[in-house]
Structures are given as structure tokens and as C-alpha cells.
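Single-letter residue listing:
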Amino acid sequence: MCGIIAYTGDRQAAQLLLDGLSKLEYRGYDSTGISVIDPKDGPKVHKSSGKLQVLLDILGNNLPSGTIGIGHTRWATHGKPTDFNAHPHTDCSTDVVVAHNGIVENYLEIKDELQREGHKFASETDSEVLPHLIERFMAQGYTLEESMRNSAQRIRGAHAVVAASRHEPGKIVAFRLGNAGGIVVGYGKNEMLLASDIPALLNHTKTVAYLGAGETVSITNNQVTYSLLDGTPVGKKPSQVSYDPLSAAKGNYPHFMIKEIHEQPEAVVNTLRERISFDEFRTTLDEFPFSDKEVREFNRVVLIGMGTSLHAAMVGQTWIESLTRIPTEANNSSEYRYRNPIIDKRTLVISIAQSGETADTVSAMEMAKNLGARQITLCNIEGAQSTRIADGTMFIRAGLEVGVASSKTFVCSLTTLLVLAIYIAERRGTLSENHARELVTELSRLPNMLGSLLSNEQQYQTLARDYGNYSNFLFLGRGINHPLALEGALKLKEISYIHAEGYQAGEMKHGPISLIDKNMPIVALIPQDDLYEKMFNNMNEAAARGGKVIAIASEGDSEVEGIAEHVIYVPATSPLINPIPMAVPMQLFAYEIAVHRGCEIDQPRNLAKSVTVE
Ligand code: F6R
């Protein structure tokens, strides 16, 4: 996850920026850089691929002088982790410096336009369009702050952007769009700082404020102003953060779970980093352990996992089978390991375990290994047991998840599985160019889709008030969204202690429909796909029996409003992508109900983050 630190004050900035970068290392990165603005000579940029130590060795004792600067740790998305692609980036005349976190989805079109105007680019990154856009606006007479706002309105996607210009000495401006990581504003004595996360600020100040999505901030050593992207001023009061590093890591969120839900857009960027070429519409998986010949020989795929990871496996089953045309099945590890299954060396076993320590999954993997299966594991923790058993590991790169109930690890497991399915399909020649293009394009929209789902939390608070005192819930879905119904029910059970069941909507008439009455709210997952009409009928059947329906539907679908008491909209996307954005309403619904009921959200009773016993 990219990290940003910026400083303006009366101390020398360079050492302070380097210290700040060391506090952001935990986020993961592949290159680093700082830019300090010399009062006479303007911005000086020092950057390098590799770890922070490489940059420290390059700089030695020759730190650039100046009391204002920006630093960055980069996790490559567009363009390899090279020196040139590292941030900060500059405009043509090195007057403006910019550090960026996010993906500029429409960068090709903007770059093309700027190049035609004569702008010269020095990197392969999407981020570099930003300093050139700012340069263009400043040349037209706009201030740095106005130029930042204008630039924010040109780019698509979710972003955190920080910039400074030699033409406005002492000033740093930042904006945030969507949820590509936060910007925390640190208030010091005769100095101000900006950082992606609190640990980078704690040595200097405990007084902070948080930049919201769609807001800009402008700081000098003794002034801070906040505004919306249209320039409307925003009032903001700073607050004090705790000294305890874990609470500090929680930032201004009341629980880790909601923080982690909010981290999903950025986490997904990390999951996709260097695995998807957004320009060539194909996947690259350096960690994939099998040759193309072996891939062509697989005749069965078995996915295994437990709990939320099993639900990811069930979605993966549809992705892998439909894209690769290999017969595929998803299994609960604790059942599979005792089933005496048919496995041989042409079987590909894919295990999903964010902890990599789940006893049943690890045992099932060992059993499969003894029977000669080829194995890939999806995991969030380096060095975990599962990674030592599998032939290859695909890290889901969700970052540390503290909340016991999985949220971002689910979304990142799903994203990783979809990339894996596309990769195998490409190797087997079962994916048309057009379909690959469609899927990759929609994957590139994913961080933004997830971000947009986080912008209307008020509706979940209203729902929690209306539905938080019911004792039972049904979650219904069809096809690829059935596992999401299971996941929605699981989330509600584990953090709010309400009994909930997930069902295939088609199964209702075979028994469960007898449960439906006015005391049984029904969450119906009804995105636009091939099964839409069937799901619509099922929803009607439930409503006709007095069930209160909460529909989760694709944006633009007003039909469902005629039946459902409440509709939560998710961005319309390709049917195969739907389950990923669909996860977010499930999480927020369960979270707000648990808040309403006063439950222990981050550590629900009886549950553990990794289940290391059978
Ligand atoms: C539910 C949850 C659990 C885990 C399950 C498997 O929110 O977190 O159901 O998904 O215990 O854990 P891993 O993925 O570590 O194998």
C-alpha cells in the first residue's frame, strides 16, 4: 500500500520525511522517494526502487536542505518498480512535486491530451499525469489549491494526492477522492504534517484531523484550511490520538472492523498490483508454480476453505469452472479431509485461508499432498503453515486484519481467485480476447466501486434501527451470488448474535418458505445477471407471504423498489464481478446492526482470528 508523508515548518524536512517513511514501511512497498523544496533552487527529488535503506544509502549525509517536502513509499500498480516510476513525480520544469496513492483510471486519455500539448513524461506511471495537470492549471493562472481541485475533477478512481509548488513557498495541498487510503493531518508547533497513517506522525504530534473523501486541505507552518472540491470551506476540529500503538492504528474509527471495511478499495489495489496489465488486458502471476503444460493437464480443480474462506471458494468454483472449463468443486475442508476423495497429480487443489493456520484446511492440504495433488494456497500471512505445504502461494495482500470477522480478507481472497481463474483460462486458451478485456476493465473499476459503496453508510444505520431487533433473518441469492447470501448470514450471526440463514433462492419452495412471515426479514441479492428474473420471482414470493424484503440490486434497477421495503444499490458491473462489490453491503449491514445492539464487534464471543484446532 503506498504511503505518503509531507512536512512544512521550521525544521529541516529531509530527515523528518525519511523517519516518516520508515514508519510507513509496514504498509508494504517497492520503492521510495522524497522531494525537499530548496528556498533558492526549488524542488530536489531523490528516489529509488527497493527498500528505504537503498535511498538512505544513496543520500548518505548529503540530505537536501529545505523546510518543506513530500515523501512516498510506492507499491507499483502501473509501471514496474523502477527508480523513474518511484514518487514524488514532477511537472516538466520540476516546479511542482506530487505524491499519489490510487489508480488514475483514465490516465491514458489524460496523458495523451497532455502530450499533445507538449508535456514531457519521465515515467510509465498513471500518477505522473497529476503534476502535469497541475502545471497546466497553474500556467493558466490558478493557485496550487485551485489547480489541485481542477485536477481532482479530471481524474477517475479513488485517490489520495499531495502536492507542493516552488511558486507557493511553504504550502502543501492534498485532496482525497473515494477511498484509496487516508490522509491524516498532523498539527505541530509552528509546523504541520500530512501522512497516510498515524504512526508516521506520532513522533511529532498527537493532534490530528482526518481528511474525508471529496475534501482538500491546504497547510502552511501555522495555518490549515479545509474545503470541498468545489471550494466550499469545511470546518474541522482536530482530536487527540492515543499513545497506544494499537489504538493509534485504529485511527478515528470506533472498531477495527469498520476501519478494515474502509480499507478495501486500497487493499484491492494491492491485490491487483502487477498481476493485471490494465493496458494489455492480461494477467501475470510470477508466483504461479506450474508450467503451461501442467496447466493444460489439470482435469479437476478442488477449492477448500472454512467459514468466510469457504464462501470465497464457492464463488471461485463458478469463476474457475466457467472460465477454464475444468470441472471444479468447492469443499469445506473439515468435511473434505475425511471424505476419502479422488485426487491425483492432475488435480489442482486451491486452498483459501487468510491466516494460513486453520487446522482443518492445513490438514486437508496435507492429505491432498500425500495423494499427489498440485496445490496453490491463497493466504494473507507470510510464512504461515499453508504456504509451506502448497507448491505455490498467492498472497491476497489485504494487510493486517485485526477484526475477528473477516471483511477485507474476503474481498481480497475473491479478487485473487478471479485473477487466478483468468490466468489459468488464458493458459488453457478458454478465454476470448473480448471477455478478458471486459473482466480486466471491470477489475480496474473495482477499487472505485468499493469506494462508492462506502459513501452512504447512513442507510445502514437507518436499517439497523428498523431491523436490529429481529431475531431471525433469511439471506437469499442465486448462482454466483448464493455464497454471498451465506456470507451475509455468517457476518450477521457472528458479530450481532442474530440467527440468520443463507439459502439458494430456488430452494425456498422446498421447505424454508414455511418460515416466512412478518417477523422474518429477507435480504435478497438481486444484481443484474442471467438469473435476475428468477430471483425477482423468488423475491415476490417472499413478499407475498408477508416477508419484509431488503433488496441488494444493481444501480439503475427501479423495478425492485415495487416489491422491496428497502433497496441497497451496488454499482452495475459484469455478472462475474458482482460478488465482489456485493460483499460490502453484507459487511456494513451486519456491522451497523451489531453497533445498534451494543455487541463486542472486533472480538465476538467464542471466536478466534485463526482456528488452529479442529
Ligand atoms: C468469519 C471468519 C471465519 C474464517 C475461517 C477461516 O468472519 O473470519 O469464518 O473465514 O475461520 O479462516 P482462514 O481464512 O484463516 O482459514
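Note: the structure precedes this text.
Everything numeric here is computed off the predicted structure, so don't read it as measured data.

(A) Region of the structure containing the sheet that holds strand β3 (residues 42-49). With respect to topology, 8 strands assemble into an open sheet ordered β3-β2-β4-β1-β10-β9-β11-β15, the strand pairing being antiparallel. Every other strand in the sheet has two partners, leaving β3 and β15 (239-240) as the edge strands with one partner each. Set on the sheet, helix α2 (residues 52-59) makes contact with β2 (31-38) and β3; between it and β3 the angle comes to about 130°.

(B) Spotlight on the nonpolar core. Ranked by internal contacts, the top residues of the largest apolar core, which has 92 residues, are Trp319, Phe473, Phe475 and Phe589. The leading source of residues in this core is helix α14 (residues 408-428), at 13 residues. The residues touching Phe473, leaving out its near neighbours within four places in the chain, are Tyr467, Leu492, Ile498, His499, Ala500, Glu501, Met520, Pro521, Val523, Phe589 and Ile593. Among the nonpolar cores identified, the runner-up in size contains 27 residues, and Trp75, Leu193, Leu202 and Tyr210 belong to it.

(C) Up close: the sheet that holds strand β14 (residues 233-234). With antiparallel pairing, the 7 strands of this open sheet are ordered in space as β5-β6-β7-β8-β12-β13-β14. One side of each edge strand has no neighbouring strand; the edge strands of this open sheet are β5 (89-90) and β14. Pairing analysis gives 5 bridges linking strand β7 (residues 159-165) to strand β8 (residues 172-177), with the strands arranged antiparallel. From the neighbouring strand, Val161 faces β8, where its bridge partner is Phe175. In the packing of helix α4 (residues 129-139) onto the sheet, contacts are made with β5, β6 (96-102), β7 and β8, and the angle to β6 comes to roughly 135°.

(D) A look at unusual backbone geometry. The omega torsion across His87 and Pro88 is 0°, close enough to zero to call that bond cis. Mapped onto the elements of the fold, Pro88 is located in the loop between β4 (68-74) and β5. In this model, Thr94 sits at a positive phi of 55°, which is unusual for a non-glycine residue. Structurally, Thr94 can be placed in the loop between β5 and β6. Located in the positive-phi region is Asn340, a residue other than glycine, with phi close to 55°. Positionally, Asn340 belongs in the loop between α11 (333-336) and β20 (347-352).

(E) How the structure looks around the packing of helix α3 (residues 107-116) against α4. Where α3 meets α4, the closest approach of the two axes is 10 Å, and the angle between their N-to-C directions is 45°. Comparing their axes, α4 and α3 come out oblique. α3 and α4 meet at a crossing whose hand is left-handed. Counted together, Tyr107, Ile110, Lys111, Glu113 and Leu114 of α3 and Val129, His132, Leu133 and Arg136 of α4 form the full contact between these two elements. Residue composition of the contact of α3 with α4, by class: 5 nonpolar, 1 polar and 3 charged.

Thresholds applied
Residues numbered from 1 in each chain as written. Predicted model: local features only at pLDDT ≥ 70, side-chain atom pairs only at ≥ 80, totals over all residues. Heavy atoms only, no water. Pairing = 2+ DSSP bridges. Helix = DSSP H or I, 4+ residues; strand = E, 2+ residues; numbered from the N terminus. Contact = heavy atoms within 4.5 Å. Axes fitted to C-alpha atoms, helices over the stretch in contact; angles between N-to-C directions. Core = buried A, V, L, I, M, F, W, Y, C linked by side-chain atoms within 4.5 Å. Buried < 20%, exposed > 50% of the residue type's maximum accessible area, 1.4 Å probe, protein only. Parallel < 35°, antiparallel > 145°, perpendicular 65-115°, else oblique. Left-handed = near helix turned anticlockwise from the far one by under 90°. Nonpolar A, V, L, I, M, F, W, Y, C, P; charged D, E, K, R; others polar.

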